[in-house]
Each structure stands twice: as structure tokens, then as C-alpha cells.
Amino acid sequence: MKKILICLLSASGIISCSGGSSPNNGPKKLNYPASLATDTTNNYFGNIVADPYQWMESINSDQTLEWVDNQNYFSNSYISKLPEYTIVENLLTQYSTLKSLKNDHIINRHFIKVNDKYYYTKDKKINFNTKPNHRSNFEHVSVDNKIYVTNNINNVGTLFLDLNKLGIINEDESVVQTGVTSDNAYTITKTQDPNLDAGIISVINNDTKELMPNDEIKYSTSFFTIYNDGFFYVKPKNITDVHTSNYNHQDLYYHQIGTSQSTDKLIFSGGEILSINLYPNLSSDIFYFQTNIDTNSQIYSLDPTNMNVPPTMILGDNYKSEFSIANIESNNNLLIQTTQGAAQKRLISVNPNNTESSNWHNILPANNNDIVNAISICGNYYYAEVLVNGASKLYRYESDNSTPINIELPGIGGLNDEAFDCNESTSEFQYQYSNMITPWRAYNYNPNTQISNKIGNDSILGFNSNDYEMKEFFVPSTDGAEISIFIAHKKGIKLDNSNPALIYVYGGFDTAVKPFFDQNNILLLKSGGVSVVAQVRGGGEYGTSWYNSGRLFNKQNTYNDVATVANYIINNGYTNPSKLALWGASNGGITTAITALQNPNLFKVVFPMVGVHDLLRYQLFTNGFTWYSDFGYSSIQDQFNNIMTISPLQNVRNISYPSMLIMAGMEDGRVVPSHSYKFAATMQNSAGGTNPYLLKAYAGQGHGPYNTTEAQIDMWTLFFNQTNTKINSN
């Protein structure tokens, strides 16, 4: 690579190079670590686009790791020397010992019945969705990587297999799926690093309790489904580096245990744009799988007794809607979650032998206008979270589609659909509720008594919800669309534009951002700050139409909406630009970055976390190819033209921007950290002004470094310093 020194012409005509400083006696541009700039370019429809830091896409190269080390050292030195650092460190270290209920997921036994035996794992639920967000597709994950066996679902079993001793569990990996063949001869497991979206399938001989190394599958991106002495699995063709390789070209195979993988039967090829999801079990000896383009999908069936007959598509509308199997009824009808014919989603019962829409039986919602955000099945009942004005309602439905039963919630707030679970022994439904000033509360709902019983203690030492208030406002955006926002703060604050404020935003992938309790905001609220949740377009708070109005060629609406929210709280006396901050993670990271680049005078400091900052090349890495629904592809000309108007990496100018702390997980297998690396280097060497543009890359962290105490100390130190806010811990 040819070295190029990036030099910028300042307004005064003085040349300022990377690492230089201003000639006057005022604030000086920071002397950032050097970033090698090359002459790398990419050609898009005759448009030559410079990409001088493309070498950082090799995230584990010595060159990149050395650069990251230098950046971390620089940022650590800068932040730790701020006068607020020690105060924040001491307080947040104390808070970190107060486990947030939302992260202490309910642990249940997850059963697999094989003949007269029940195998089970002790599981929690975590998110393995491949979108750049943190919602939906929650899977059961073993908390101890052990398998137990019992002859009665109500009895405590005995240890059957300790998978920790078989050499298939590495470092932070967990078992995310377990199965046993119908003759009890083999146990099949899938293990996965929580930082990655692909895992390894292993086979254990149940007689010898030994691993069968020749049956290992690297790397699978979906469930496996057992059939006889073998299993179906999905494997991308071209994974050479599980942290960065593209996961597209996914193929569906059947593997017979004890045979060579070279003889595995190819069932279906996904091609360049399809992803494939399997279901854990057969239904009435029929194998089902789901193919996806973006957020939409189709369902196929296959008779596994005759794998030479191609699969049959049984549900779909040419990828205009979502279709996924939620469960199988006792009569073998499929319970299907779909967006077709719904404001957001609905649950229908479908006879797999007669799948015409005229034969569908609607289960929920009773009202087609209801915005159903999450669906769960427990015992003989169906539970749905319905969003009303961006907040949660919880209903119980029966299969006859009678009037649903409202499960009373403590107030206006949000349900944690990650914690929707079912106690299989008692058929009690489990859920969690909070709002911005009410800590997370866990409940068991008994469908017989229709009573919800609170589990555990939701109080947090030193925090009294009665000292604070939360309100909802509706704000017209630039085109008149009504944006809902939730605002929380101490009771009795003065609206004199002097309060520090922090806006949280996501704004993508049909994901609803609800007024949750965030334990990390306690310090802000105690210090007289204002916490704001913005429900902007691109999210799922108001249904599919709300999502569609904030994606692809409508994506600019998202950023206009965020700016509208910022202006609203400024114009209504809550804060002023010197006191205002913005943060978001994943898709919220790019939302934060773009909004700050487009509106540099609205914010004092911003925190783009694990963001998708290079929209020209995101589809080249891991599951990025599945994000087309929101961003579009640079390989399509009109979409390339649109991308160039918003992509953060290509829209940094030589002007002053708000202070930034760009945060990344060094092991992030979803949004690869090179997005943050390249964006940070560009900000440091191409942006103007003297505000700090810092990068922190957290070792060992994947897509959620913002949940670590270290990251919170970094963020809040910079927040209180930049907004000149006195910290109050009382």
C-alpha cells in the first residue's frame, strides 16, 4: 500500500496535518495517534470513492491491532485525566454490583423428550438475531453446559453429560442447542461464542460418552434438525474467518452420523441473498425450514424419507411478508407468525396440507389494527405484547379468537420481550416490566387464577422512583409525522435550558424502542439530568408502515426525526446544545453518527456505539448481507446514490463536530469493528475543530460492550465533562 499523508486546508489557509496543532493560543486539535492512509479507492458506477483506511478491515492483523492499541492508550489517557473520571469510576463500580434484573434472565429447564426419557438443560434466553440490533430471535442457552435426564418432567434429573469435559466448550462459548437421536444413541449439540452469529455442531456417542470428531460441522448459522441417525444443518460456503467472512451463499445439508461430510446430501442452496433458518424439531415426520430476504421470509417443507424430491414452498408471497413457525399444534397444524394482513404481526393456524390463505385461522390479534410487537406461546394460551402510543400492553388469547384478557401492568412502560418465557412444568407465563424510572420487575402469570405474582426484589439501593417522573410527548417532525418521545427526570426541575440531557435512539429494522429502565442512567437522573427515549421512524413502535417510512430511500426521515426531538427539548426549556448528548448502539450507532454529522450544532457530545458506519461495504462481512432492507446495496446504482448522502464514513467534512466517543467490541462478529475503526480515523484526520474524537475498542467484547462497567465509566466521564455537569450521587 502506498502511504499518503492526509493534510487539510483550514479556513485560515494554514495547512494542518494529522497530529498537528493550531498555531493560535486557543484550543488545539488533539495530537491523535498516526493513522496510515493509503491510496485505496473503489469504483461505483464510475464514481471513484477513496477508502484510505480499508486495511483496517483486516481486524486481526498486526497492523490493525497495533493501531487499535495506540488508540486505546490515547483514549484511556485522555479520559482518565479528566477531573470527573475518579468520581464516575467509584460510583459506577458500586452500581455494577447491583445486578440489573433485565440482565439476570430467568433460568428454566428446557426439555427434549426422547421415547420415555426427558433430557433437559438449564437455560436462559439470549439474542442471536443477525440484524444489527438487540431484539427478537431469542434462543435457549445453557447456563452450565450440562445435560440432565429424568423420567418425569416434574422431577429433578441426574447428570447425563458434562459438555465442559469434552473439549467442545472454548472460553466464553455456550451450548445453544441440544438434541438426542430417536434411538438414544447420540447427543448432538451446537456451541457458539456469544460474540458471533455462527457456531459449531458436535456429536457425542451416548454409550462411550466420547466426542465423534469426524462429525463436527464448522460453521453453522442456524439450528440443526435431527432426523434418524443424522441431522439437517445450514453452512455458508465461504467462511474462512468466522469473525469477518461473508455468511451468504448458505446451503442446507443432511449429515448422516459416522459418514464423511463430503457425502452430505445437499437439500437447498440459498444463493447470494437468501439466509436459511431451520426449526429444532420435525413435525409429524415432516422437515420445515425458512428462507429469508431481509426481514421477509418463506417456509418450505420436505419429506425426509425421500430427499431426492426437492423441497416445496408452502407459505410465502415472494418475500413481501414474514412467515415463521412459532409452534406446532397437537393436530399438526402450524402456528405461523406473519406480517401479512397485520399492522405489525399476527399469529395464525395453518393446515400444512392446505395452506391457501382462505383456510387460515386467525388467533391474534382480534383487531387488525393492533400493533403486536411480540408473541409467546405457553401452555394452552397465546400471549402478545401490543404497543399503544409506543408503550406496552399485555394480552392473553385463546385459539377461538375470543376477546383477549388484559394482563394488568403496573403503569405506562415497556415489556422485555427477551424475557418472555414459559415454565414448562407449570405453564406459568413469565415476563418483565419496567419504565424509565421504575426498575425491572419480574412476574409469573398464572392463567388459572389470572394473577401475576412478582418475583424477587426490584428495588435498587439509593434509588427511589417516587423522586422522579416520566412523561410522553408527541412532536411533529419536518414533514408533519408525529414522533413520540418519553422524558424522565427529577420532580420539580426548572425548564430554564440549564439541564444536562441524553437522548437514546435506535431507529431501524422494525425494532420498537420502549421506555425501559436503564440502570446506567441513575447517575444522570440523580445529577438533575433529563433522559429521553426517541421513537423515530425506521423502528417498529407504530407498525410496519412506520418502519417503511424510515428505511431505504426514506432513511433520511430517521435522522430528521432525531433532530426534531433534539430541537423540541431545547425549545421547551429542558436543555441547550452545550448540555445535550446523543447515544445509540448498533443501528442506533449509525443513527447517532449521521444525526451528529448532519446537525453538528445540536449536540455537545455523542456516543456512536458498535455502529454500521461504512454503508458502501457492510454487506461484505458476516451477516451484513441481511441488512439490505434498511440501507440498500452500493451495488445498485440508485441505492448507491442514496447511501452516499447518509453514510457516515463518506460524509465527514472539515468542520467542527460534537465531541465523540466511538465505541467498538474487538470481537464483534455482527457489526465488525472495522466500521468504528475507519470512522474514528476519518474523524481524527478529516474533521475540523478541536473537540475530541475518540475511539475505544474493548478487548474480548462483541456486540454489547456498552454493558460493561469500563465502557460506562468512559461514556459518563466524557458526558459529565463535556456538558460541564456537577455529579450528584445522592
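What you are looking at is a predicted structure, and each value in this text was computed from that prediction instead of being measured.

## Concerning the sheet that holds strand β19 (residues 250-256)
As summarised here, the arrangement of the four strands in space is β17-β18-β19-β20, forming an open sheet in which the pairing is antiparallel. Where the open sheet ends on each side, the last strands, each with one partner, are β17 (225-226) and β20 (265-269). Direction of pairing for β17 relative to strand β18 (residues 230-236): antiparallel, over a ladder of two bridges. Residue pairing across strands places Thr225 opposite Phe232, the latter belonging to β18.

## Quick notes on the pairing of β19
Among the seven residues that make up β19, five are buried, leaving the element largely enclosed by the rest of the structure. In this sheet, β19 lies alongside β18 in antiparallel orientation, the contact comprising seven bridges. Considered in β19, the bridge of Phe232 is made with Tyr254. The pairing of β19 with β20 spans four bridges and is antiparallel. The partner of Tyr254 across the bridge, within β20, is Lys265.

## Points about the nonpolar core
With 125 residues, the main nonpolar core has Ile485, Ile503, Ile569, Phe607, Tyr677 and Met683 as its most contacted residues. What Phe607 contacts, discounting residues up to four positions off in sequence, is Ala581, Leu582, Trp583, Gly584, Thr592, Leu661, Met715, Leu718 and Phe719. Counting 16 residues, the second largest nonpolar core, distinct from the first, contains Tyr227, Val234, Ile267 and Leu278.

## Quick word on the state of the cysteines
Taken as a whole and assessed by the stated rule, the structure comprises one disulfide. The disulfide partner of Cys378 is Cys422, and the gap between their sulfur atoms is 2.1 Å. Residues Cys378 and Cys422 are joined through a disulfide that is right-handed, its torsion about the S-S bond being 70°. Taken together, the residues span a long stretch of sequence, with Cys378 in strand β29 (residues 371-378) and Cys422 in strand β34 (residues 421-423) at a distance of 44 residues. Of the residues examined, Cys378 reaches a relative accessible area of 1% and is grouped as buried.

## Considering the side chain of Asn333
For Asn333, the location among the structural elements is in the loop between β25 (323-328) and β26 (334-338). A distance of 3.5 Å separates polar atoms of two side chains, one belonging to Asn333 and the other to Ser349.

## Considering the sheet that holds strand β21 (residues 275-278)
Strand pairing in a sheet takes place through backbone hydrogen bonds and is either antiparallel or parallel in direction. On the basis of which strands lie adjacent, the open sheet formed by four strands has the order β21-β22-β23-β24 and antiparallel pairing. The outermost strands of the open sheet, each flanked by one partner alone, are β21 and β24 (312-315). Geometrically, the sheet is characterised by an average inter-axis angle of 35° between neighbouring strands, direction not taken into account.

## Let's talk about helix α9 (residues 674-686)
An α-helical turn contains 3.6 residues, so a residue and the one three or four places further along point in the same direction. Its 13 residues give α9 an end-to-end C-alpha distance of 17 Å, which sits within 8% of 18 Å, the value for a rise of 1.5 Å per residue. Counting buried residues along α9, 13 of its 13 residues qualify, which places the element largely inside the surrounding structure.

## As for helix α8 (residues 637-646)
Among all positions of α8, only Gln639, Phe640, Asn642, Ile643 and Ile646 are buried. Buried residues along α8 cover an arc of 165° about the axis, so they all sit on one side. Packed against the buried residues of α8 are β5 (41-44), β6 (47-50), α5 (556-571), α6 (587-598) and α7 (628-631).

## Quick word on the pattern of salt bridges
Tallied over the entire structure, the rule returns 13 salt bridges. In this structure, Glu57 and Arg617 form a salt bridge, with 2.7 Å as the shortest nitrogen-oxygen distance. Taken as a pair, Glu57 in the loop between β6 and α1 (62-80) and Arg617 in the loop between β43 (605-609) and α7 lie far apart in primary sequence, 560 residues in all. Arg396 is paired through a salt bridge with Glu398; the nearest N and O atoms lie 3.6 Å apart. Because the salt bridges share partners, they merge into one network encompassing Asp51, Glu57, Asp614, Arg617 and Lys678.

## Focus on unusual backbone geometry
Cis peptide bonds are those with omega within 30 degrees of zero, and the linkage from Lys218 to Tyr219 qualifies with -15°. In this structure, Tyr219 sits in strand β16 (residues 217-220). Cis geometry is found at the peptide bond from Leu364 to Pro365, where omega equals -5°. Mapping Pro365 onto the fold places it in the loop between β28 (361-364) and β29. The phi dihedral of Ser427 is positive, around 65°, even though this residue is not glycine. With respect to the helices, strands and loops of the structure, Ser427 is situated in the loop between β34 and β35 (428-435).

## Considering the environment of Asn453
Inspection of the secondary structure assignment puts Asn453 in strand β37 (residues 451-455). Setting aside residues no more than four positions away along its own chain, Asn453 makes contact with Ala442, Tyr443 and Asn444.

The rules behind the values
Residues numbered from 1 in each chain as written. Predicted model: local features only at pLDDT ≥ 70, side-chain atom pairs only at ≥ 80, totals over all residues. Heavy atoms only, no water. Pairing = 2+ DSSP bridges. Helix = DSSP H or I, 4+ residues; strand = E, 2+ residues; numbered from the N terminus. Buried < 20%, exposed > 50% of the residue type's maximum accessible area, 1.4 Å probe, protein only. Core = buried A, V, L, I, M, F, W, Y, C linked by side-chain atoms within 4.5 Å. Contact = heavy atoms within 4.5 Å. Disulfide = S-S within 2.5 Å. Polar contact = N/O pair within 3.5 Å; in protein donor to acceptor, adjacent residues only side chain to side chain. Axes fitted to C-alpha atoms, helices over the stretch in contact; angles between N-to-C directions. Expected span 1.5 Å × (residues − 1). Arc of directions from axis to C-beta. Salt bridge = Lys/Arg side-chain N within 4 Å of Asp/Glu carboxyl O.

So far we have only geometry, and geometry alone does not tell us how the molecule works.
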